Amino acid sequence: MYIYNVTINIEETIHDEWLEWMENDHIPDMLATGKFSKALMSKVLVEEEMGGLTYSVQYTTSNKETLEKYYAEDADRLRAESNRFAGKFVAFRTELEIVSERNG
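How each quantity is defined
- Residues numbered from 1 in each chain as written.
- Predicted model: local features only at pLDDT ≥ 70, side-chain atom pairs only at ≥ 80, totals over all residues.
- Heavy atoms only, no water.
- Helix = DSSP H or I, 4+ residues; strand = E, 2+ residues; numbered from the N terminus.
- Polar contact = N/O pair within 3.5 Å; in protein donor to acceptor, adjacent residues only side chain to side chain.
- Contact = heavy atoms within 4.5 Å.
- Expected span 1.5 Å × (residues − 1).
- Bend = angle between axes of the 7 residues up to and from the residue.
- Buried < 20%, exposed > 50% of the residue type's maximum accessible area, 1.4 Å probe, protein only.
- Pairing = 2+ DSSP bridges.

A. Inspection of the side chain of Thr61 at higher detail. Relative to the helices and strands, Thr61 resides in strand 3 (residues 53–61). A polar atom in the side chain of Thr61 sits 2.7 Å from the backbone oxygen of Lys35. Apart from the residues within four sequence positions on either side, Thr61 is in contact with Met1, Tyr2, Lys35, Phe36, Thr66 and Leu67.

B. Structural view of helix 2 (residues 64–80). Over its 17 residues, helix 2 runs 23 Å from end to end, which matches the ideal 24 Å to within 8%, given 1.5 Å per residue. Its maximal kink placed at Asp74, helix 2 deviates by approximately 65°. Among all positions of helix 2, only Thr66, Leu67, Tyr70, Asp74, Ala75 and Leu78 are buried. Looking at the buried positions of helix 2, the neighbouring elements they touch are strand 1 (2–10), helix 1 (15–32), strand 3 and strand 4 (89–97). Of the residues that open helix 2, the one with a side-chain oxygen 3.2 Å from the backbone nitrogen of Glu65 is Asn63.

C. Spatial organisation of the pairing of strand 1. For strand 1, the buried fraction is high: 9 of the 9 residues fall into the buried class. Here strand 1 shows two buried faces, one formed by Tyr2, Tyr4, Val6, Ile8 and Ile10 and the other by Ile3, Asn5, Thr7 and Asn9. Taken together, the 9 bridges between strand 1 and strand 3 define a ladder with antiparallel strand orientation. Of the residues in strand 3, the one forming a bridge with Ile3 is Thr60. Of the pairings in the sheet, the one linking strand 1 to strand 4 comprises 9 bridges and is antiparallel in character. By the bridge assignment, Tyr2 is partnered in strand 4 with Glu97.

This is how it looks when you write it as structure tokens:
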């Protein structure tokens, strides 16, 4: 299993609009690609020197090949939809491979 992690720092002035867009549009659109089995959105509780609010969104996918298909087929279109917030956020992306998982 793989996690496609997107960490976003968003300016407070557009936070509410962005959060609504993420929850009602962007995350459902990501899942609608059929390439991710779930999404987990978390608020980062560390205050950033640069200000704003920071979130981590983790999309789970079955394998590296499926993630590569997302990049080739969907990433440009879905990333372009965030242009309405251009200049008001910073995002970086990380690929994670799940090594082990336990429930307790």
